[in-house]
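Coordinate analysis (summary)
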Amino acid sequence: MLFRQLFDSQTSTYSYLLADRGQAVLIDPVKEHLDTYLQLLSDLDLQLVMALDTHTHADHITALGDLREATGCNTGLGQESQTRCVSFNFHDGQSLAFGGRELRVLHTPGHTHDSYCFLLAARGRQPAWLFSGDTLLIRGSGRTDFQNGSARQQWSSLQRLLDLGDDTLVFPAHDYKGWTCSSIGEERRHNPRLQVANAEEYAALMDGQHLPPPRLLNVALAANRACGRL
Ligand code: FE
């Protein structure tokens, strides 16, 4: 399997390219990097079959619409999303196939009500890989104070991710400190957001954050409801 982690330095967003047997998936692609993605797909001789967003992003504009226009790929967002221009809406428990592999879809609300994670199952010696969106970040978790966010729901979602097993690798949608990858076991032990006893304590921790709104909030949400094609 082929794997590339791509980074948008303006918004500290990670996008992921996965491919197997010539079929590729892009997770959380950023509009400004469309040309890079198209070049990479061409260089590596890959057919893009799916472009997926883990949730409706508030901090950057998605490349879903542009990628569909340029490649004819299917675009997907969770069924709770308000965005109507994607090719399909995924839901919890679904499997999304590419090449000989598949991503299992996990609904993990809390950061937004349409937040999802994608799990690539373990194979041979390779552990499972979790694309954790903004639900689980490295030594952090996504804010829960807008877009129908809920700290209590996020607590439940995080418990579900912790059940995936300590070896599972974690690839988040953002990192602001230079981390690139972690594991469930590492986060269980060292993520400060996971050192609280219950949902109430977690909600108190999250409610005490008082973060400023993202710089591009209104621009990004309006654009992303049009699949980034404004
Ligand atoms: Fe987000």
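Look up: the structure comes first, before these words.
Residues numbered from 1 in each chain as written. Predicted model: local features only at pLDDT ≥ 70, side-chain atom pairs only at ≥ 80, totals over all residues. Heavy atoms only, no water.

All chains considered together, the criterion is met by one disulfide. Shown here is the disulfide that connects cysteine 85 with cysteine 227, its sulfur atoms set 2.1 Å apart. Because the sign of the S-S torsion sets the handedness, a value of about 110° for the bond joining cysteine 85 and cysteine 227 places this disulfide among the right-handed ones. Here cysteine 85, found in the loop between strand E5 (74-78) and strand E6 (88-90), pairs with cysteine 227, found in the segment after helix H6 (217-224); they are 142 residues apart in sequence, far enough to count as distant. (Disulfide = S-S within 2.5 Å. Helix = DSSP H or I, 4+ residues; strand = E, 2+ residues; numbered from the N terminus.)

We now examine the sheet that holds strand E7 (residues 95-98). The six strands are arranged E7-E8-E9-E10-E11-E12 in an open sheet whose pairing can be described as mixed. Here the strands that pair on one side only, and so sit at the sheet edges, are E7 and strand E12 (182-183). Of the pairings in the sheet, the one linking strand E8 (residues 101-107) to strand E9 (residues 116-120) comprises five bridges and is antiparallel in character. By the bridge assignment for E9, histidine 107 is matched with tyrosine 116. (Pairing = 2+ DSSP bridges.)

Turning our attention to the environment of alanine 70. By the element assignment, alanine 70 lies in helix H2 (residues 64-71). Alanine 70 gets classed as partly exposed once you look at its relative accessible area, which sits at 46%. Remark: the alpha-carbon pair of alanine 70 and histidine 107, spanning 37 residues in sequence, is separated by 29 Å. (Buried < 20%, exposed > 50% of the residue type's maximum accessible area, 1.4 Å probe, protein only.)

Let us now look at the pairing of strand E4 (residues 47-52). With five of six residues buried, E4 lies mostly within the body of the structure. Across five bridges, strand E3 (residues 23-27) lies against E4 in parallel orientation. Bridging across to E4, isoleucine 27 finds its partner in leucine 52. Crossover connection from E3 via helix H1 (residues 34-43) to parallel E4: handedness right-handed. Both E4 and E5 contribute to a ladder of three bridges, which runs parallel. Residue pairing across strands places alanine 51 opposite threonine 75, the latter belonging to E5. Where the polypeptide runs from E4 across H2 and back to E5, its parallel neighbour, the crossover connection is right-handed. (Right-handed = clockwise from strand over helix to strand, strands pointing away.)

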